[in-house]
Amino acid sequence: MQKKLIAITGRPGIGKTTLAQTIASELVSMGCSLGGFTTPELREGGVRRGFLVKSVDGSRSVLLASVTPAPQGLRVGRYYVDPAAEGKVLSILEDSIKSSDIIIIDEVGPMELSLRSLSQALTKLIMQPPKPLIVTFHYRLRDRFPELFSALTQGILIRLDENNRNEYIRRAPELARWLANEACSDKGRKGAAVHT
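All figures in this text were calculated on a predicted structure; none of them were measured in a lab.

### Quick look at the overall build of the chain
Okay, so step 1: A tally of helices and strands in the chain yields eight helices and 10 strands.
Okay, so step 2: A compact globule built from 196 residues should have a C-alpha radius of gyration of about 16 Å, and the chain, at 16 Å, falls within 12% of that.
Okay, so step 3: Taken over 196 residues, the chain has a buried fraction of 46%.
Okay, so step 4: At a minimum sequence separation of 6, the contacts of the chain that also span at least 24 residues come to 68%.
Okay, so step 5: Total accessible area on the chain is roughly 9,800 Å²; 48% of this is exposed by carbon and sulfur atoms.
Okay, so step 6: Measuring between centres, the 27 positive side-chain charges of the chain sit 2 Å from its 20 negative side-chain charges.

Next up, the structure:
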């Protein structure tokens, strides 16, 4: 049985977040309530300095990683992931599972998976989704986390590139309808806007 999961991957900057947000906007217009998180860049003077984790409704955010060395920070590439962020991100995730029709995770990558409890929670969510999911994930996830990658392929897997991204944006209403099906508890109400 196919999971109610839309998994989006591709190189950085190809439009994974844009597609996820476009599908999410369609879901909101259908009356679905959305939960989960996004990981927007933290920029200073036009330079990327780190990443936040922000709840989909915009009510909570926490610094996930920064280029500034931290004593307890876990090194991932040029960033230091803050272990103190883990509890707050888990709280966002747990609240979303309880109260949302559909969950969005943007993104699952090396930083998110470097935190043990968060990695376990994301893996469980993707392998045994309690609700329909939209997940964007790092393009090299297949190499480092093959079991998780396999679980992401059990729904609709979208590999975005320059040749197909506009087509998928055009298909966002169709993808939203497939994902929502009967998941939205009250199709007449408006869900929360998606904040990035």
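### Description of the pattern of salt bridges
Okay, so step 1: For the structure on display, the rule yields six salt bridges.
Okay, so step 2: Where Glu41 meets Arg43, a salt bridge forms, and the shortest distance between an N and an O atom there is 2.7 Å.
Okay, so step 3: The partner of Arg49 in a salt bridge is Glu44, with the nearest N and O atoms 3.7 Å apart.
Okay, so step 4: According to the relative accessible area criterion, Arg49 is partly exposed, its value standing at 30%.
Okay, so step 5: Connected via shared salt-bridge partners are Glu41, Arg43 and Arg48.

### Structural notes on the packing of aromatic side chains
Okay, so step 1: Going through the model one piece at a time under the given rule, you end up with two aromatic pairs.
Okay, so step 2: Taking 5.3 Å as the distance between ring centres and 70 degrees as the angle between the ring planes, the aromatic pair formed by Phe51 and Tyr79 counts as edge-to-face. A residue pair is termed long-range when its members are at least 10 positions apart, and Phe51 in strand E4 (residues 47–55) and Tyr79 in strand E7 (residues 79–81) qualify at 28 residues. As far as the burial class goes, Phe51 and Tyr79 line up, both buried.
Okay, so step 3: Directly above the aromatic system of Trp178 lies the positively charged group of Lys4, at a separation of 4.3 Å from the ring centroid.

### Things to note about the environment of Thr123
Okay, so step 1: One can find Thr123 in helix H4 (residues 116–127).
Okay, so step 2: In this structure Thr123 comes out as partly exposed when scored by relative accessible area, which is 21%.
Okay, so step 3: Taking the C-alpha atoms as reference points, Thr123 and Lys16, separated by 107 residues in sequence, lie 20 Å from one another.

### Section: the side chain of Lys16
Okay, so step 1: Tracing the backbone through its elements, the reader meets Lys16 in helix H1 (residues 16–29).
Okay, so step 2: Despite its burial, Lys16 remains without a salt bridge, the nearest opposite charge being carried by Glu107 at 4.3 Å.
Okay, so step 3: The residues contacting Lys16, other than those within four sequence positions of it, are Ile8, Thr9, Gly10, Arg11, Glu107, Thr136, Phe137 and Leu160.

### Digging into helix H2 (residues 85–99)
Okay, so step 1: Between its terminal C-alpha atoms H2 stretches 22 Å, which fits the 21 Å expected from 15 residues at 1.5 Å a residue.
Okay, so step 2: Burial in H2 covers these residues: Ala85, Glu86, Val89, Leu90, Ile92, Leu93 and Ser96. Projected onto a plane normal to the axis of H2, the buried residues spread over an arc of 155 degrees and lie on a single side. Away from the buried face of H2 by more than 90 degrees, exposed residues Lys88, Lys98 and Ser99 are located.

### Observations concerning the packing of H1 against helix H8 (residues 172–180)
Okay, so step 1: Contact geometry of H1 with H8 gives a least axis separation of 8 Å together with a crossing angle of 60 degrees. Considering their axes alone, H1 and H8 lie oblique with respect to each other. Crossing handedness for the pair H1 and H8: right-handed. In this structure, H1 uses Thr22, Ile23, Glu26 and Leu27 to contact H8, whose residues at the interface are Ala172, Pro173, Leu175, Ala176, Leu179 and Ala180.
Okay, so step 2: Tallied by class, the residues present in the contact of H1 with H8 amount to eight nonpolar, one polar and one charged.

Procedures and definitions
Residues numbered from 1 in each chain as written. Predicted model: local features only at pLDDT ≥ 70, side-chain atom pairs only at ≥ 80, totals over all residues. Heavy atoms only, no water. Helix = DSSP H or I, 4+ residues; strand = E, 2+ residues; numbered from the N terminus. Rg over C-alpha atoms; globule rule 2.2 N^0.38 Å. Buried < 20%, exposed > 50% of the residue type's maximum accessible area, 1.4 Å probe, protein only. Contact = heavy atoms within 4.5 Å. Areas by Shrake-Rupley, 256 points an atom, 1.4 Å probe, with all protein chains shown as cover. Lys, Arg positive; Asp, Glu negative; His and termini not counted. Charge placed at Lys NZ, Arg CZ, Asp CG, Glu CD. Salt bridge = Lys/Arg side-chain N within 4 Å of Asp/Glu carboxyl O. Phe/Tyr/Trp six-rings, centres within 6.5 Å; stacked < 30°, edge-to-face > 60°. Lys NZ or Arg CZ within 6 Å of the ring centre and 35° of its normal. Expected span 1.5 Å × (residues − 1). Arc of directions from axis to C-beta. Axes fitted to C-alpha atoms, helices over the stretch in contact; angles between N-to-C directions. Parallel < 35°, antiparallel > 145°, perpendicular 65-115°, else oblique. Left-handed = near helix turned anticlockwise from the far one by under 90°. Nonpolar A, V, L, I, M, F, W, Y, C, P; charged D, E, K, R; others polar.

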